[in-house]
Structures are given as structure tokens and as C-alpha cells.
Amino acid sequence: MPQACDRHLHKAQGLVEIASWGAIDALAAAICGSTQLRACVPCVEKAVDIIHVINGDAE
């Protein structure tokens, strides 16, 4: 797997967080099936739970 240079390594956590929120938004929209701009709150919460399980940080 490619590694970031030391100069940019500090950005990694922020970029991962941005990417995960994009995944959460997309997953929530798929779960919700809503034609609205944003998924409903319960579907966003379900998406967050699923992403946590996938990332291995579920309780």
C-alpha cells in the first residue's frame, strides 16, 4: 500500500474522516431511498453504525 511522505502524513486522519463522511452520506441516501437532498436522521445514524462496524471500531 502506498505511504504518504512525512511532509503530508499529518493530513491522513483528516482526509480519512472526510472520505468516511462521504461514504456515510452515500450509504445513508441508499438506505433512506429518499429523493430529498439529505437522508433522514435515522438513516444517517444507521449508516454511521455500519461504517463503524466496517472500520472495526464498533463497541
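None of the values given here were measured: they were computed from a predicted structure.

Conventions and cut-offs
- Residues numbered from 1 in each chain as written.
- Predicted model: local features only at pLDDT ≥ 70, side-chain atom pairs only at ≥ 80, totals over all residues.
- Heavy atoms only, no water.
- Disulfide = S-S within 2.5 Å.
- Core = buried A, V, L, I, M, F, W, Y, C linked by side-chain atoms within 4.5 Å.
- Buried < 20%, exposed > 50% of the residue type's maximum accessible area, 1.4 Å probe, protein only.
- Helix = DSSP H or I, 4+ residues; strand = E, 2+ residues; numbered from the N terminus.
- Contact = heavy atoms within 4.5 Å.

A. Molecular detail of the state of the cysteines. Counting across every chain of the model gives zero disulfides. Summary of cysteine pairing: cysteine 32 is not part of a disulfide, and the nearest cysteine sulfur, belonging to cysteine 40, is at 3.7 Å. There is no disulfide at cysteine 40, and the cysteine sulfur nearest it, in cysteine 43, is 3.5 Å away.

B. Region of the structure containing the nonpolar core. Counting six residues, the largest nonpolar core is built from Ile24, Ala28, Ala39, Cys43, Ala47 and Ile51. Going through the elements one at a time, α1 (12-32) and α2 (41-55) are the ones with two or more residues in this core. Look past the residues within four positions of cysteine 43 in its chain and what remains in contact with it is Ala28, Ile31 and Cys32.

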